[in-house]
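Chain by chain, the residues run as shown.
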Number of protein chains: 4
Amino acid sequence: MPANSFGDLFTVTSFGESHGPALGVVVDGCPAGIELDVADFLPELARRRPGQSGLTSARRESDTPEIVAGIFEGRTTGAPIAILVRNQDQRPEDYEHLRNAPRPGHADETLAAKYGHRDHRGGGRASGRETVARVLAGVIARKILPAGVRIVGHALRIGPHVATRFEPDTIESNPLRCADPDTAKAMVEHVAACRARNDSAGGIVEVRVLGTPKNLGEPVFGKLKARLAQAFLSIGAVHGFAYGAGFDVAAMPGSEYVADRAAFGGILGGISTGEDLRLLAAIKPASSVGEVARQGRHDPCVVPRVIPVLEAMVAVVLADCWLLHRARA
Amino acid sequence: MPANSFGDLFTVTSFGESHGPALGVVVDGCPAGIELDVADFLPELARRRPGQSGLTSARRESDTPEIVAGIFEGRTTGAPIAILVRNQDQRPEDYEHLRNAPRPGHADETLAAKYGHRDHRGGGRASGRETVARVLAGVIARKILPAGVRIVGHALRIGPHVATRFEPDTIESNPLRCADPDTAKAMVEHVAACRARNDSAGGIVEVRVLGTPKNLGEPVFGKLKARLAQAFLSIGAVHGFAYGAGFDVAAMPGSEYVADRAAFGGILGGISTGEDLRLLAAIKPASSVGEVARQGRHDPCVVPRVIPVLEAMVAVVLADCWLLHRARA
Amino acid sequence: MPANSFGDLFTVTSFGESHGPALGVVVDGCPAGIELDVADFLPELARRRPGQSGLTSARRESDTPEIVAGIFEGRTTGAPIAILVRNQDQRPEDYEHLRNAPRPGHADETLAAKYGHRDHRGGGRASGRETVARVLAGVIARKILPAGVRIVGHALRIGPHVATRFEPDTIESNPLRCADPDTAKAMVEHVAACRARNDSAGGIVEVRVLGTPKNLGEPVFGKLKARLAQAFLSIGAVHGFAYGAGFDVAAMPGSEYVADRAAFGGILGGISTGEDLRLLAAIKPASSVGEVARQGRHDPCVVPRVIPVLEAMVAVVLADCWLLHRARA
Amino acid sequence: MPANSFGDLFTVTSFGESHGPALGVVVDGCPAGIELDVADFLPELARRRPGQSGLTSARRESDTPEIVAGIFEGRTTGAPIAILVRNQDQRPEDYEHLRNAPRPGHADETLAAKYGHRDHRGGGRASGRETVARVLAGVIARKILPAGVRIVGHALRIGPHVATRFEPDTIESNPLRCADPDTAKAMVEHVAACRARNDSAGGIVEVRVLGTPKNLGEPVFGKLKARLAQAFLSIGAVHGFAYGAGFDVAAMPGSEYVADRAAFGGILGGISTGEDLRLLAAIKPASSVGEVARQGRHDPCVVPRVIPVLEAMVAVVLADCWLLHRARA
């Protein structure tokens, strides 16, 4: 599988640099006859966009997708769907100082070593902006999943603050996308304090999938949990993946684990049980701190922006597994 | 990619059930001219084998690999290497009671739902015994990595006990493969106590890769961390993957993260930096507890047995990334 | 896709050398619940086997397949199916003279150049014997195609003799598998004459698929004709592939082509129309001639033996396309 | 492998419809540091373009590629290269009559059956215009092949006329791209006569690869000839593939075949020998004849336009095999 593609039957190919002409995605394998319009992408692109609150980066990204292939008279045709998002906030001179100075904790260093020649502007291909492609693909993926599947991500933890309630309807009403309104306030204060000292905060995202179809996932290397793990760790900010009881399984006696179906996270033997999925992602604090952060265009906390990307990747994995299961059922 | 295969250029295909005639592996893409002999596999197969101590399952697995293809006069030829391990401990009558009674917390339930017809004996295809194929592939993978790469896994945590020292030479001298001799004793006692009450214990495995080559990993979906995550979560017992500072990144300020290269775990931008890798796997407690465990053939703690499997998968991922990088360098 | 594997959803992995311990195949992706028994393979293995008549090689291959994985109580389980055929006619000393002397027109030369170290015995991996794996896979593939699909190959041409009738029931009654009984006699005489002067004969095989399902084939690179072409040319003896009117299209005016649906060969736009497929394979004369042939263990005409292999590959391609279409329909 | 992608290490993904907003290609896996500019594509796009002579379609395609990703300061970065070509000659009303009336011999019929919803305008995704993507990819592929490789296609046959000389420098000086200047004249007259009666002509293209590197091609299903066959048959107009002596092998005695290295076509055992490749493609006559052709926008002979597409696909296959070989050498 080429490195910029993901999925066996619902295949997502991502391309584009943060400061090149455009980012984009090709989705191959989407069934025909599905309604799809530019407007479908706007809400998720908006959710992914930085600069939505005083907490996040000042960079203005007005993402207008253009469907250049695969849609005819408002519906998919079975042909590859190609979507382009032009970059508008290109100020390459802002990045000239990074040409030969890799930023600590960024991909700059390894990309330079591996490829020799690289686009140093704002992370280039390794920029978080690449995730626009995932969000676009996720919108399409959701359309082929059976009705009733709901993929809900939220900030379970930010810095020292851990949510203890799950009220999904409150998620979009606070800038960090925490499902616990009280904890959300503490998180906001924490991130504001990070920002004030030019520092950043990481966290843990929980993605729940309500109404998960059963039978998703294939044997051995195609286990649902294995595909999800690859999908999550393909995102730059993600440092870990776990499901169900997560790393807490290390301390659980087997008798407790077996008795608590929630610990399975909706997956047994690598295959979905039909119960809700519970997926966890460890999000590192942004590496742009100190002098870099002082320039004011960096997020003190990328967690809320990563949430729609994680949700999109979950949708892509589920759509792929759904088609795979359908092929042989 | 077919679900029972893994790797783009060094491709591992696993087959076989725990109580069928044989397990095996096909490794496609191994360069020619590499010395390989049946004896090469025996130490790692022995490390994976249960029943090595009073702590573990009584099941006797005397794994004798047979190389049926790909080796000529003691060396690889570039043709696919096929290796077979016959199952000798087949007592299907032991499992007759499981035919229509899926064991809680096992794959039995989802395999039955997904496939209708399944091999119910001892987990069948979903048995931990499948990992014999991984161990065989790992032995070959290590041979194509540059000299000096050393992949060292150990039990970082079992139940409540967390190792605080890393003395790699002590790992094989205690049954739980803990690199901290003092903690090892406490772990052994803990597992013995679990066994006494027909319960089981999980843990966390840390895999360090010393002498990691730089430049391993591809862009976006082929990131080294993404491939490792898929590889880890393809193992039944694994509930989570993390690297470097792991889930602790959630609580770290960015300034701390950036200042501590150990937090990166040897991976930046999804590509190896040349520093040691640090990888973590959450291992669930075995689901065979209570009545099932009382029959006496089950491991109270699979952690030490999972270690050689994790090491093998790391070797496979690194070998694949090594060939991929070589193709385009 | 690894080089020894074929197919996206019904994936065939071939392994083994002609004079190694065994040949075999792993079929991944076969749906569960399909009846499969060793006896199913015997007729096709017998059809592929050399030495069936005075016309063909004296090498005795008594191919006894062993199913080592994927079948439980006589039916598939969705797990990979692995089948082994032991080599029994190993006389490596017969080939010692070939160790450093590549035979003209054989793969010996290029394998030595590419891999350095090779199995020189009887072609090793490049031996026609490798096609045992294809025949095994073809038997399984046929089982997942809808009822009524019939794949019929026959010798359309051998040397100068071209069949003019198609009487499928007569195919197995002459050693060259010609569907035209009169031409068959001339072909037999021609091959006998070749044999008498230690020479060999090539030909053209036509494969017709009666009862082809419609809608098989995917866009662009996954066109049915493209997959079939790859499948055919993956066989050592095949020098060309064509469908429908074949290379005769070069001389046809468009008005004639469009008016004659038979010219389309059952494929339009790369997708099956539901009409019978007509596929053609150019088979080169065996390269073992003169002194090599004089030793008496070589086929003067491999055409009849290639026929079941071509049929098997057609079955594999159709099965894969069938599953692919089902996934998204 | 997704159906609109081709190649393991040098992966080409094609997208776009003939009358949609744009066509394009994503090339993943191109090594970094290679100079690439929009101007590089223009000559090959011009060669592929219809309407270059009175013999061909009147459709005006002024193909201006835009590189939207993967190039930084004039060189590749190892990131996926995405290129777009806008469609300018969109007159959808010209095709309204085809909405429910599939044209005989075209993909219209099978696309409608398979997908239900399709873009009926000018072939949509199945249009020959899709090959723009191949030509773009071919330009990049040539850049990673070793210096000295020269891929030369020409019209070996058109209708009844067969070239008997090979003078490569004359190919571009006649509208049908025949390497035999005398035969070229007869071919031109033949096609003009076809045009006059609203008919069309097919032919045979020969592609020679001068300076072919040795060792290209992988075992079994990845044989060079198998990859080339798939590549050729992925083009709508191609009805057959052969190499070396082609279908003539059917009539050759083995003694003659073995003695004539030209018969091998530069490939033995599926691997390049280092000699020139000789590849043949049967090109069907265009299916637009009679009333459809009378409208005047259709090619009476697509052979010359298919030549640069075939050359491009050869370059893509060779580049992919080159990287594959390099990975393991």
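Residues numbered from 1 in each chain as written. Chains lettered and ligands numbered in written order. Predicted model: local features only at pLDDT ≥ 70, side-chain atom pairs only at ≥ 80, totals over all residues. Heavy atoms only, no water.

J.: Where do I start with the packing of aromatic side chains in this structure?
T.: Each aromatic ring pair is specified by the distance between its two centres and by the angle formed by the two planes. For the coordinates displayed, the defined rule picks out 14 aromatic pairs over all chains. On the basis of an interplanar angle of 45 degrees and a centroid distance of 5.1 Å, the ring pair of F247(A) and F247(B) is categorised as tilted. You can see F247(A) sitting in the loop between β11 (238-243) and α6 (254-259) and its partner F247(B) sitting in the loop between β11 (238-243) and α6 (254-259), one on each of two chains. Considered together, F247(A) and F247(B) belong to a single accessibility category, that of buried residues. Aromatic pair F232(D) and F241(D): ring centres 5.2 Å apart, planes at 85 degrees, arrangement edge-to-face. (Phe/Tyr/Trp six-rings, centres within 6.5 Å; stacked < 30°, edge-to-face > 60°. Helix = DSSP H or I, 4+ residues; strand = E, 2+ residues; numbered from the N terminus. Buried < 20%, exposed > 50% of the residue type's maximum accessible area, 1.4 Å probe, protein only.)

J.: Sorry if this is basic, but what is going on with the relation of the copies chain A and chain B here?
T.: Its rotation angle being 180 degrees, the transformation that places chain A on chain B also includes 0.0 Å of axial translation and leaves an RMSD of 0.0 Å. Taken together, the rotation and translation describe the operation of a two-fold axis. Taken together, the interface assignments show that 100% of the residues at the interface of chain A recur at the interface of chain B, consistent with an identical surface on both copies. (Least-squares fit on C-alpha atoms with pLDDT ≥ 70 in both. Contact = heavy atoms within 4.5 Å.)

J.: When you look at the environment of L98(C) in this model, what are you seeing that I'm missing?
T.: Residues and elements named next belong to chain C. Relative to the assigned elements, L98 resides in the loop between β7 (81-86) and α2 (108-115). Given the relative accessible area of 8%, L98 is considered buried. With 10 residues separating them along the chain, L98 and D108 place their C-alpha atoms 8.8 Å apart. When neighbours within four sequence positions are excluded, L98 is seen to be in contact with R103, R118 and H120.

J.: Honestly, the sheet that holds strand β2 (residues 11-16) of chain C in this entry has me stumped. Any pointers?
T.: All names here are of chain C. Judged by pairing direction, the sheet is antiparallel, and its 5 strands sit side by side in the order β1-β2-β3-β7-β4 without closing on themselves. At either margin of the open sheet sits one strand with a lone partner, and together these are β1 (5-6) and β4 (65-69). Summarising the sheet, strand β3 (residues 22-28) and β7 pair through 6 bridges and their orientation is antiparallel. Across the sheet, residue V26 finds its bridge partner in β7, namely A82. Relative to the sheet, helix α3 (residues 131-144) contacts β2, β3, β4 and β7, its axis offset from that of β3 by approximately 35 degrees. (Pairing = 2+ DSSP bridges. Axes fitted to C-alpha atoms, helices over the stretch in contact; angles between N-to-C directions.)

J.: Explanation requested: the relation of the copies chain D and chain B in the structure shown.
T.: Copy one and copy two of the chain differ by a rotation about a common axis and a shift along it. The transformation that overlays chain D on chain B combines an axial shift of 0.0 Å with a rotation of 180 degrees, and the residual RMSD is 0.0 Å. Comparing interface residues between copies, 100% of those in chain D also sit at the interface in chain B, which points to an isologous, same-surface contact.

Geometric values such as these leave the question of function open.
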